[in-house]
Amino acid sequence: MEIDLTGPHREDAYSILAGLVTPRPIALTTTIDPEGRINAAPFSFFNVLGDSPPIVGICPGDREPGVPKDTARNIRLTHEFVVNLVDEGIMEQMNLCAATLPPGQNELEHAGLTAVASSVVKPPRIAEAPASLECKSWGILEIGDNRLIIGEVLRVHVRDGIFSPGSWLIDPANYHPIARMQSPGWYARTRDMFEMKRPA
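Residues numbered from 1 in each chain as written. Predicted model: local features only at pLDDT ≥ 70, side-chain atom pairs only at ≥ 80, totals over all residues. Heavy atoms only, no water.

## Remarks on the pairing of strand β7 (residues 80-85)
At step 1: Counting buried positions along β7 gives six out of six residues, so the element sits mostly inside the fold.
At step 2: Taking every second residue as pointing to the same face, both faces of β7 are buried, with Glu80, Val82 and Asn84 on one and Phe81, Val83 and Leu85 on the other.
At step 3: Where strand β1 (residues 27-32) and β7 come together, four bridges link them in antiparallel fashion. The residue bridging Thr29 from the neighbouring strand is Val83, located in β7.
At step 4: Here β7 runs beside strand β10 (residues 131-143); their pairing, made up of five bridges, is antiparallel. Opposite Glu80, over in β10, you have Lys136 as the bridge partner. (Buried < 20%, exposed > 50% of the residue type's maximum accessible area, 1.4 Å probe, protein only. Helix = DSSP H or I, 4+ residues; strand = E, 2+ residues; numbered from the N terminus. Pairing = 2+ DSSP bridges.)

In structure tokens form, the structure reads like this:
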């Protein structure tokens, strides 16, 4: 099967790609607007992009054609955001943050999550998250209706026990992130892992 995404299936690109390119990590992203109101929204068009400097990328879709979602608008205006990673412990609350709420309503309060002060950026991090990445916007690349937001990671907060003692290696017994799978509502747990050593 060959699918032409420049032709008749252009409008199906989301379903096709979001179903095939999996599993995807989830960025439960916190921002604030210029009035100081908190917004929290999950995005699975997200990943770490590099380490020198450490950068991540998120790609929030538009609310409607030409109208950015609150996350993208807030980052454009304030240049700061926090990526809160999602594990099994907060997956239900993450899903609640995806609800369409009235403007200005706090998704964290709606989901029963706790905002705590970040160290070097104004948006809060989420106390219940296994890890949070404080980010400063490096730039926003607009391609069609896509907004790729690249953020430099300034601080990392990690729950005790996630790193193995004496190393920066993750202890898989204590870190159980979830991943986005097929649209609209499929996710995956990451407990079934295996090791494959890289050849010399």
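Structure's up, so let's keep going.
## With respect to the nonpolar core
At step 1: Of all hydrophobic cores here, the largest spans 16 residues; its most connected members are Phe46, Val56, Ile58, Phe81 and Val83.
At step 2: Elements that contribute at least two residues to this core include exactly β4 (54-58), α2 (70-78), β7, β10 and β11 (146-158).
At step 3: If you look at the next biggest cluster of nonpolar residues, it comprises 13 residues, including Ile26, Cys97, Leu113 and Ala129. (Core = buried A, V, L, I, M, F, W, Y, C linked by side-chain atoms within 4.5 Å.)

## A short note on the sheet that holds β7
Sheets are built from strands paired through backbone hydrogen bonds, the pairs being either parallel or antiparallel.
At step 1: Strand order across the open sheet formed by seven strands is β2-β1-β7-β10-β11-β4-β3, with antiparallel pairing between neighbours. The open sheet is flanked by β2 (38-43) and β3 (46-51), the only strands paired with a single partner. Pairwise comparison of adjacent strand axes, ignoring direction, gives a mean angle of 35° for this sheet.
At step 2: Helix-sheet contacts for α2 involve β1, β2, β4, β7, β10 and β11, and the interaxial angle to β1 is about 50°. (Axes fitted to C-alpha atoms, helices over the stretch in contact; angles between N-to-C directions. Contact = heavy atoms within 4.5 Å.)

## Regarding unusual backbone geometry
At step 1: The peptide bond linking Ser52 to Pro53 adopts the cis configuration, its omega dihedral lying at 5°.
At step 2: Locating Pro53 in the fold gives a position in the loop between β3 and β4.
At step 3: The omega angle of the peptide bond from Ser183 to Pro184 is 5°, so this bond is cis rather than trans.
At step 4: Structurally, Pro184 is set in the loop between β12 (178-180) and β13 (187-189).
At step 5: Phi is positive for His79, which is not a glycine, with a value near 70°.
At step 6: For His79, the position within the fold is in the loop between α2 and β7.

## Looking at the state of the cysteines
At step 1: In total, this model carries zero disulfides according to the counting rule given.
At step 2: Here Cys59 stays unpaired: no disulfide links it, and the sulfur of Cys135, its closest cysteine neighbor, is 15 Å away.
At step 3: Looking at Cys59, the relative accessible area reads 17%, which means it is buried.
At step 4: No disulfide involves Cys97; its sulfur sits 17 Å from that of Cys135, the nearest cysteine.
At step 5: Given a relative accessible area of 3%, Cys97 falls into the buried group. (Disulfide = S-S within 2.5 Å.)

## Considerations on the pattern of salt bridges
At step 1: Per the counting criterion, the structure on display carries 10 salt bridges.
At step 2: Where Arg73 meets Asp70, a salt bridge forms, and the shortest distance between an N and an O atom there is 3.6 Å. With Arg73 and Asp70 both in helix α2 and three residues apart, the pair spans about one turn of that helix.
At step 3: For Asp70, a relative accessible area of 21% corresponds to the partly exposed category.
At step 4: Among the salt bridges present, the one from Asp87 reaches Arg159, with a minimum N-O distance of 3.1 Å. Of this pair, Asp87 sits in the loop between β7 and α3 (91-96) while Arg159 sits in the loop between β11 and β12, and the two are 72 residues apart along the sequence.
At step 5: Given a relative accessible area of 6%, Asp87 falls into the buried group.
At step 6: For Arg159, a relative accessible area of 35% corresponds to the partly exposed category. (Salt bridge = Lys/Arg side-chain N within 4 Å of Asp/Glu carboxyl O.)

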